[in-house]
Amino acid sequence: MDRRIENKDRRIENMIRTVSAGQPLYPAMLQDIRDHPKTLYYIGREELLKERCVSVVGSRTTTNYGRNTARAIAGALAERGIAVVSGMASGIDSCAHRGALEAGGGTIAVLGTGVDICYPRENAQLKEAIQSRGLILSEYPPGTPAARYHFPQRNRIISGMSELTIVVQARLRSGALITAELAADQGRDVLAVPGNIDSQYNIGTNQLIREGVQAVTSVNDVLEYLGLPRAGQRPMPSLSESEAQIYRLLAEGGEMSPDELCLRLSRQPRYLLPILSSLELKGIITSAAGKFFLAKR
Amino acid sequence: MLMKIQTASLTGVEGYPVTVETDLRRGMPDFSVVGLADTTIRESCKRLRPAIMNSGYSFPNERITVNLVPADRPKEGSHFDLPIALSIIFLMEGIVPPGDTAFLGEVSLDGTVNPVQGALPLAISLRAAGIRSIILPAENAEEAGILRDVRILPVKTIRQAVDHISGSRPVPAFRGGQGQAPEAYDVDYSQVIGQESAKRAMMIAAAGNHGMLMMGGPGCGKTMLARRLPTILPPLSYEERLEIMGIYSVAGLLGPGMPVIKGRPFRSPHQSITMAGLVGGGARAKPGELSLAHRGVLFLDELGEFDSRVIDALRQPVEEGLVRIMRRQEEVIFPARVMVVVASNPCKCGYLWDEKRICTCTGGQLASHRRRLAGPFSDRIDMHIKILPVAEKEIFAPGEGRKPVSSEDMRRQVCLAMQRQEDRYRGSRYRSNGGLDETGIRRFCVLDEPCRKKMKEAFSGMDLTMRGYHKVLKIAMTIADLEGKDGIEPDHLSEALMYRFSEEDIGKRRS
């Protein structure tokens, strides 16, 4: 048992590389900020250090809306060759990484611990995936455990590497707001995704918008802002009459429960449930917490 | 001088006839009871002497031996008082009781007859043994009155019983109790506003006898939905009502407040319940909540708050439909054919699914909540459904263009689906779709080519496990039965696939 842990440690140790300020591989944008780290430790595809970077950040506690938006934005960016930077925290950060990886693009996780440590632990699988298909980055030497004050510190790297920081969903006192502030101080652009004003999950982002940060009204807004080609209209999958009806309702109304859909269509659940299920199986809609919404593809 | 009269005794909820043999003989005055009688019965020696004398009869100054036949089965209960007392009086007065009359009852020192527990199952066993008339305490007449072909003769005092047998003043037979009253519930599904898809799920669960796990935030109507489940199960048959009332009688729950059972039981035990309280047991084996829910619904609210060992003890009894308790010399069996419904919040604080309020659970708390719901018992629950709060619109404009489905409509459909299952499973060891095991699923839930294709997609797209796959087939079979179809169709599978939780629903992937 002991030997296995040792072996694993050595395996990770062997993968860790370093880059110092001033070396050609050191991210150029990061070099511009005043308190840039002297040394960066990293695991993964080093060519991502030279890519255009956009950070997608947000709270750890989230709603479906936040999670799906983070995924969609990160996916659209990654598809166009932008490296999506985030902090690998649970919630929005993890969704951003997943979105980028699912789109087959690159993503950079900037950690507040050593690069050999997985925090939070439940993200072990995600970290493996980022190690092999993206980049794990930290200013802390390997073996550094998580500490409270590391995380706001590393946020300056997230915003510093990126030409643009997008805050997807933030509560009132979220670390993502610190990142947004840092980005502004560093002279970088910030966008925020507006949310339901009744919901506590969106107070932080809505406040940013009130203070003058530009709002993201669609994924295309982000692409346009960066001068990237807009998403083309995807061909609608062939749907039956009743499937198309439900598709349109969800496209208009956002997320809905089966009961709401029944009410709108004046239909019985026995008619609606099989259709919802087959739409879900086709990947056109998804569900969470009992509600259905269009899958972001 | 020897006297034999009939009474009965109980093992669990099953009665068996017992003959009380009483012998009076010259010798040192003594009173002994033999035949594996428990303390209550042996104490009757002390009670009966004053009771008989206060009733105005003389007590023999002789050697009294009472034997309870069969002598090798343990007997308990205070209902042996009356038969023993009467046998002594009959001997003294020279009365010969008719052979087709039996006696039950506890006596007080003043000669009044007190009610007993288990009067109904005792009476049922006597009826089966060919007894035509039963003399029992007046307070028990209502419950025993549900028996149709036995004369129930309620008495209040020992003297009344003696006068009846001697013929000097016959007791009128008990007639027209509430036992014959039609089934009635004070709740109905039409009282539930919205939640139409949840009602649909309840109907499927009821029709196929599938266990059900409801998840939803606080106050969204889980208990309300569960409480109405008995109203859509098929009407109680006479035999079923006898079974249920027998259990309640043994548990001592029938009395002046509730003399008869009006409908299928709904039991909702508290989270603090012990193993003996839930499955039954104790020093004098009593039916637990599980048996009290026999032929009805056992509802466990906040499943995560129950002791997990108590919950897992439910697994085997629920699968077998009965509880076995080993006691001193015999096995006591309580029936337990229940429909199990459990409810839980999506997380510890309850707001995981709430878009407006913040869920304050940590990752560790979510994981522990999930573990609590994933025991061997809950793993075997077929249907997992999500209950959402009713939309404001439906609360304030109810019935706009639609009438809420009523229990009567739902019950009609459930009955038809059950009829189809009965026809299909006749001659096999299965009774309902919910009770199918792997062999049964392979034999009865046959998939045609389009269905197989659908399940193949589902298997890869929804990461189903083998057990999950079987659950879907069983539910689909019930949906087919509800729709009046002979085989499973792709649409039935599609709907069945809705009754499960994704990892996101239980907070496994908050990100």
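Moving on, we come to the overall build of chain B. On a plain count of helices and strands, chain B comes out with 19 helices and 18 strands. For chain B, the C-alpha atoms occupy an extent of roughly 90 × 50 × 45 Å along the three principal directions. Counting across all 511 residues of chain B, residues that qualify as buried make up 56%. Counting contacts in chain B only where the partners sit at least 6 residues apart, residues at least 24 apart contribute 73% of the total. In the form shown here, chain B has an accessible surface area of approximately 21900 Å², with 50% of it arising from carbon and sulfur atoms. Charged side chains of chain B number 68 positive and 62 negative; the gap between the two group centres comes to 1 Å.

Bringing the overall build of chain A into the picture now. When helices and strands are tallied, chain A shows 12 helices and 11 strands. Against the globule reference of 19 Å for 297 residues, chain A gives a C-alpha radius of gyration of 21 Å, in line with a compact fold. Summarising its shape, the C-alpha atoms of chain A cover approximately 65 × 50 × 35 Å along the three principal directions. Taken across its 297 residues, chain A has 55% of its residues classed as buried. The long-range share in chain A, meaning contacts at least 24 apart out of those at least 6 apart in sequence, stands at 69%. Side-chain charges of chain A comprise 36 positive and 31 negative groups, with the mean position of each set lying 3 Å from the other.

Another point: the interface of chain B and chain A. In this complex, chain B contributes 33 residues to the contact, which on the side of chain A involves 39 residues. Carbon and sulfur atoms make up 57% of the area that chain B and chain A hide from each other, which totals about 3300 Å². The interface formed by chain B and chain A holds 1 salt bridge in total. For the interface between chain B and chain A, the tally reads 6 residue pairs in polar contact (both at pLDDT 80 or more). Those elements that provide at least two residues to the side of chain B that touches chain A are α6 (196-208), α14 (392-396), α17 (449-461) and α19 (490-496) of chain B. Class assignment of the residues belonging to the side of chain B that touches chain A gives a composition of 9 nonpolar, 5 polar and 19 charged.

With that settled, consider the domain arrangement of chain B. All names here are of chain B. According to the domain assignment, chain B contains domain 1 (2-176) and domain 2 (189-505). Computed over C-alpha atoms only, the centres of domain 1 and domain 2 are separated by 44 Å. In total, about 1900 Å² of surface goes out of reach between domain 1 and domain 2, with carbon and sulfur atoms giving 60% of it. On inspection of domain 1 and its partner domain 2, the count reaches 0 salt bridges. Counting residues per element, the ones that place at least two in the side of domain 1 that touches domain 2 are β1 (2-11), α3 (119-128) and α4 (141-144). The biggest single contributor to the side of domain 1 that touches domain 2 is α3, with 5 residues. Residues belonging to the side of domain 1 that touches domain 2 are distributed by class as follows: 10 nonpolar, 5 polar and 7 charged.

Quick look at the side chain of A:Thr205 now. Relative to the helices and strands, A:Thr205 resides in helix α8 (residues 203-210). With near-sequence residues (within four places) excluded, A:Thr205 lies in contact with A:Val167, A:Val168, A:Gln169, A:Ala170, A:Ala192 and A:Val193.

What follows deals with the confidence of the model for chain B. Confidence along chain B averages 89 in pLDDT terms, with 95% of residues attaining 70 or more. Complex prediction metrics read pTM 0.80 and ipTM 0.75.

Our focus in this paragraph is the state of the cysteines. Two cysteines joined by a covalent bond between their sulfur atoms form a disulfide. Residue and element names in this part refer to chain B. On inspection of all chains with the given rule, the structure shows 0 disulfides over all chains. Cysteine Cys361 shares no disulfide, and the gap to the nearest cysteine sulfur, in Cys347, comes to 3.7 Å. With no disulfide of its own, Cys445 has Cys451 as its nearest cysteine by sulfur position, at a separation of 11 Å. Relative accessible area serves as the criterion here: at 5%, Cys445 is assigned to the buried category.

Within this structure, the stated rule accounts for 8 aromatic pairs over all chains. In textbook terms, an aromatic cluster arises when at least three aromatic residues are bridged by ring pairs, as seen for B:Tyr425, B:Tyr430 and B:Phe444. Its guanidinium or amino end placed over the ring of A:Tyr271, A:Arg267 lies 3.8 Å from that ring's centre, counting from NZ or CZ. The side chain of B:Arg73 reaches across the aromatic face of B:Tyr16, ending 3.8 Å from its centre.

Turning our attention to the sheet that holds strand β4 (residues 83-86) of chain A. By way of backbone hydrogen bonds, the strands of a sheet pair with one another, either parallel or antiparallel. All names here are of chain A. Spatially, the 9 strands line up as an open sheet ordered β1-β2-β6-β5-β4-β3-β7-β8-β9, and their pairing is mixed. Unpaired on one side and paired on the other, β1 (17-20) and β9 (214-215) mark the two borders of the sheet. As defined by bridge partners, strand β5 (residues 107-110) adjoins strand β6 (residues 135-138) across 3 bridges and the pair is classed as parallel. Across the sheet, the residue bridging to Ala109 is Ile136, located in β6. Here helix α4 (residues 92-102) sits on the sheet in contact with β3 (53-57), β4 and β5, set at roughly 165 degrees to β4.

Residues and elements named next belong to chain B. The element strand β10 (residues 212-216) is largely enclosed, with a buried count of 5 among its 5 residues. Looking at chain direction, β10 and strand β18 (residues 383-387) are connected through 5 bridges and run parallel. The residue of β18 that forms the bridge with Met215 is Lys386.

A few words on unusual backbone geometry. Note the cis peptide between A:Tyr119 and A:Pro120, where omega equals -5 degrees. With respect to the element layout, A:Pro120 can be found in the loop between β5 and α5 (124-133). A cis amide bond, omega 0 degrees, links B:Val69 with the succeeding residue B:Pro70. By the element assignment, B:Pro70 lies in the loop between β4 (63-69) and α2 (81-93).

Residue and element names in this part refer to chain A. Remark: helix α10 (residues 241-253) packs on helix α12 (residues 269-281), axes separated minimally by 10 Å, with the N-to-C direction vectors making an angle of 80 degrees. Between α10 and α12, the angle falls in the class roughly perpendicular. Contacts between α10 and α12 involve Ser242, Glu243 and Ile246 on the former and, on the latter, Tyr271, Leu272, Ile275, Leu276, Ser278 and Leu279. Of the residues in the contact of α10 with α12, the class split is 6 nonpolar, 2 polar and 1 charged.

For the rest of this paragraph, the subject is the sheet that holds strand β11 (residues 266-267) of chain B. All names here are of chain B. Taken in spatial order, the 5 strands of this open sheet run β11-β14-β17-β10-β18, and their pairing is parallel. Bordering the open sheet on either side are β11 and β18, each of which pairs with just one other strand. Strand direction decides the pairing type here: β10 and strand β17 (residues 339-344), joined by 4 bridges, are parallel. Its bridge partner being in β17, Leu213 is matched across the sheet by Val342. Packed onto the sheet, α6 meets β10, β17 and β18 and runs at close to 160 degrees relative to β18.

Rules behind the numbers
- Residues numbered from 1 in each chain as written.
- Chains lettered and ligands numbered in written order.
- Predicted model: local features only at pLDDT ≥ 70, side-chain atom pairs only at ≥ 80, totals over all residues.
- Heavy atoms only, no water.
- Helix = DSSP H or I, 4+ residues; strand = E, 2+ residues; numbered from the N terminus.
- Buried < 20%, exposed > 50% of the residue type's maximum accessible area, 1.4 Å probe, protein only.
- Contact = heavy atoms within 4.5 Å.
- Areas by Shrake-Rupley, 256 points an atom, 1.4 Å probe, with all protein chains shown as cover.
- Lys, Arg positive; Asp, Glu negative; His and termini not counted.
- Charge placed at Lys NZ, Arg CZ, Asp CG, Glu CD.
- Rg over C-alpha atoms; globule rule 2.2 N^0.38 Å.
- Buried area = accessible area lost by both parts, 1.4 Å probe.
- Salt bridge = Lys/Arg side-chain N within 4 Å of Asp/Glu carboxyl O.
- Polar contact = N/O pair within 3.5 Å; in protein donor to acceptor, adjacent residues only side chain to side chain.
- Nonpolar A, V, L, I, M, F, W, Y, C, P; charged D, E, K, R; others polar.
- Domains from an automatic or database assignment.
- pLDDT = per-residue confidence, 0-100.
- Disulfide = S-S within 2.5 Å.
- Phe/Tyr/Trp six-rings, centres within 6.5 Å; stacked < 30°, edge-to-face > 60°.
- Lys NZ or Arg CZ within 6 Å of the ring centre and 35° of its normal.
- Pairing = 2+ DSSP bridges.
- Axes fitted to C-alpha atoms, helices over the stretch in contact; angles between N-to-C directions.
- Parallel < 35°, antiparallel > 145°, perpendicular 65-115°, else oblique.

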